[in-house]
Amino acid sequence: MSIRIGYVLKMFPRLSETFVLNELLELEAQGVEVEIFSLMPPTEPRFHAELSRLRAEITYLPRANLAEVWEATRGLYRADPIDERRFGAAFAHALAAADRDSLRTLLHGALIARMAEERCVDHLHAHFATSATRAALLAHLCSGISFSFTAHAKDIYHQSADGALLAEALQRAAFAVTVTDQNLRHLRTLGSGTDQLRRIYNGVRLDSLSEIRSVAAARPHRKVPRLISVGRLVEKKGFLYLIEACALLKAQGLPFQCQIIGRGEGEAVLRAAIDRLEVGDVVELLGSQPHDRVLEAVADSDLMILPCIVGQDGNRDALPTVLLEAMALRVAVVSTDLEGVTEIVDHEITGLLVPQKDGASLAVAMRRFIVDVALRDRCAEAGQRKAERLFNIQHNVGQLADLFALAAEQRRQGMNRALASLSVVAAAGKSD
């Protein structure tokens, strides 16, 4: 039986959340019907070319002002009012949250609940244990539609992470997913509600990457190696240490060119570091790029460096997609010993790892890969095999689709039992 899943997302699409788009496309490829409820409209001028392949309808919830949200909600419930008992539970949850957006999120939950009912959605799923998961939880309380969510990193470790929401969502969700074993161990320390918690790695599209890799493999050997890094220009990516490492390699007279793709609030700081260390001739900031161009650039590089760190605010990467993609493209990788990254990169086997916030060690690892082509090729080949074994999106999203199907079936069985009970009560009433 086909199933229809409603995705609740804070903002869709987003360039930095390629994994969400890949997951949606793969679900559709596996026969799952998808509806998307986005709490906010997109703000970025560029999107992935792959977005055009997505068939799912995207509904942007009203947000401009509370009056608009209220009118939209009232309109949907005018003919068929919400069950008072259910709304009371949702209202109590929103009241307990007591943040400035509580009322808006409550109304968003009610809107998603009614639209999901009208569109025959079997189950709701949210990404990140933030406002999207709260809206899915509220929609569940308003309608009884089961929900689940995927927890990543910022929503778990950042100083602004909502521990109370995370704990309640784990208790009420049909299941929850996280993307690394480290996250799994951490979340299980929260106590109850973690029996239904699963680790499912993000995946990459090996078929499309294979085509890009074959084109890049035909290029002639370069005399000056091309190094690349990709990510938002924020503290947790550790780009300052990459610039510092590039300065050390330049001082040693090693020829190379390093490109960093991405944008973010840290751009001015990085440009100042490039000027201060006088590496503008070997380090280039390229800004954000569409995903297909990013993949082509990575495939056309000799080395991927991602010096991610734990930021001062606790924020960090969990399972950086660019590392998975680089490995699948058979590009050697250098990263740090950040938990999560160590589940991707095996030191000296599928890449090189260095301590966080250590530009000197990063320079040593980069130099090893630049001068030792045999080591670089050996790690790149081993990395490709690992990516194909653990990060195949068809397999990993297939696990998620199985969980969706189970949750939808359990809900159907619950509804059938409830209908059967009502029939018994009605029959008893007639006999009286």
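Residues numbered from 1 in each chain as written. Predicted model: local features only at pLDDT ≥ 70, side-chain atom pairs only at ≥ 80, totals over all residues. Heavy atoms only, no water.

A.B. asks: Looking at this structure, I do not really get the overall build of the protein. What am I missing?
C.D. replies: Counting secondary structure elements, the protein contains 17 helices and 13 strands. Along the first, second and third principal axes, the C-alpha atoms of the protein reach 95 × 40 × 40 Å. Considering only contacts within the protein whose residues lie at least 6 apart along the sequence, 75% involve residues at least 24 apart. Carbon and sulfur atoms make up 51% of the accessible area of the protein, which amounts to about 19,300 Å² in all. With 50 positive and 54 negative side-chain charges, the protein shows a separation of 0 Å between the mean positions of the two kinds. (Helix = DSSP H or I, 4+ residues; strand = E, 2+ residues; numbered from the N terminus. Contact = heavy atoms within 4.5 Å. Areas by Shrake-Rupley, 256 points an atom, 1.4 Å probe, with all protein chains shown as cover. Lys, Arg positive; Asp, Glu negative; His and termini not counted. Charge placed at Lys NZ, Arg CZ, Asp CG, Glu CD.)

A.B. asks: Quick question: what am I supposed to make of helix H13 (residues 321-328) here?
C.D. replies: The periodicity of an α-helix, 3.6 residues per turn, causes residues three or four places apart in sequence to face the same way. Along H13, 8 of the 8 residues are buried, which leaves the element largely enclosed by surrounding structure. For H13, the full list of buried residues reads Thr321, Val322, Leu323, Leu324, Glu325, Ala326, Met327 and Ala328. Positive phi appears at arginine 330, one or two residues downstream of H13, with a value of about 60 degrees. (Buried < 20%, exposed > 50% of the residue type's maximum accessible area, 1.4 Å probe, protein only.)

A.B. asks: I tried to follow the packing of aromatic side chains on my own but got confused; where do I start?
C.D. replies: Within a pair of aromatic rings, the relevant descriptors are the distance that separates the centres and the angle that separates the planes. Summed over the entire model, instances satisfying the criterion amount to 4 aromatic pairs. For the pair phenylalanine 19 and phenylalanine 128, a centre-to-centre distance of 6.3 Å together with 55 degrees between the ring planes defines the contact as tilted. Separated by 109 residues along the polypeptide, phenylalanine 19 in helix H1 (residues 18-29) and phenylalanine 128 in the loop between strand E4 (123-127) and helix H5 (131-143) bring together distant segments of the chain. Summarising the burial analysis for this pair, phenylalanine 19 and phenylalanine 128 share the class buried. Aromatic side chains phenylalanine 175 and phenylalanine 404 sit 5.9 Å apart centroid to centroid with 50 degrees between the ring planes, which places their arrangement in the tilted category. Placement of the pair is phenylalanine 175 in strand E6 (residues 175-178) and phenylalanine 404 in helix H17 (residues 393-431), with a sequence separation of 229 residues. Exposure remark for phenylalanine 175: the relative accessible area of 4% places this residue in the buried category. Given a relative accessible area of 0%, phenylalanine 404 falls into the buried group. Ring-pair connections join several aromatic residues into one group, and the members of that group are Tyr7, Phe175 and Phe404. The residue whose ring lies beneath arginine 199 is tyrosine 201, and the NZ or CZ to ring-centre distance is 3.8 Å. (Phe/Tyr/Trp six-rings, centres within 6.5 Å; stacked < 30°, edge-to-face > 60°. Lys NZ or Arg CZ within 6 Å of the ring centre and 35° of its normal.)

A.B. asks: I keep staring at the sheet that holds strand E10 (residues 283-287) and nothing clicks. Help me out?
C.D. replies: One open sheet accounts for 6 strands, arranged E10-E9-E8-E11-E12-E13; its pairing is parallel. The open sheet has two free edges, formed respectively by E10 and strand E13 (352-354), since each of these has just one partner strand. The average angle at which neighbouring strand axes cross in this sheet is 20 degrees, direction not considered. Pairing between strand E11 (residues 303-306) and strand E12 (residues 332-336): 4 bridges, direction parallel. Bridge pairing links methionine 304 to valine 333 in E12. (Pairing = 2+ DSSP bridges. Axes fitted to C-alpha atoms, helices over the stretch in contact; angles between N-to-C directions.)

A.B. asks: Any chance you could explain the sheet that holds strand E7 (residues 197-199) here in plain terms?
C.D. replies: Working definition: the strands of a sheet are paired by backbone hydrogen bonds and lie parallel or antiparallel to each other. Ordered in space as E3-E2-E1-E4-E5-E6-E7, the 7 strands form an open sheet in which the pairing is parallel. Single-partner strands in this sheet number two, and they are strand E3 (57-60) and E7. Strand-to-strand twist across the sheet, computed as the mean angle between neighbouring axes with direction ignored, equals 25 degrees. By the bridge criterion, 4 bridges tie strand E1 (residues 4-11) to E4 in an arrangement that is parallel. Across the sheet, tyrosine 7 pairs through a bridge with histidine 125, a residue of E4. Sheet contacts for helix H4 (residues 102-118): E1, strand E2 (33-40), E3 and E4; angle to E2, the most-contacted strand, approximately 160 degrees. Sheet strands touched by helix H8 (residues 181-188): strand E5 (147-151), E6 and E7. Its angle to E7, the strand with the most contacts, is close to 160 degrees.

A.B. asks: When you look at the pattern of salt bridges in this model, what are you seeing that I'm missing?
C.D. replies: Pairing between side chains of opposite charge can happen when the charged atoms of each approach one another. Counted by the stated rule, this structure contains 22 salt bridges. Notably, a salt bridge pairs arginine 205 with glutamate 26, separated by 3.5 Å at the nearest N-O pair. With a gap of 179 residues between them, arginine 205 in the loop between E7 and helix H9 (206-217) and glutamate 26 in helix H1 connect regions that are remote in the sequence. For the pair arginine 205 and glutamate 26, one class covers both residues: buried. Members of the salt-bridge network, linked through shared partners, are Arg4, Glu33, Glu35 and Arg119. (Salt bridge = Lys/Arg side-chain N within 4 Å of Asp/Glu carboxyl O.)

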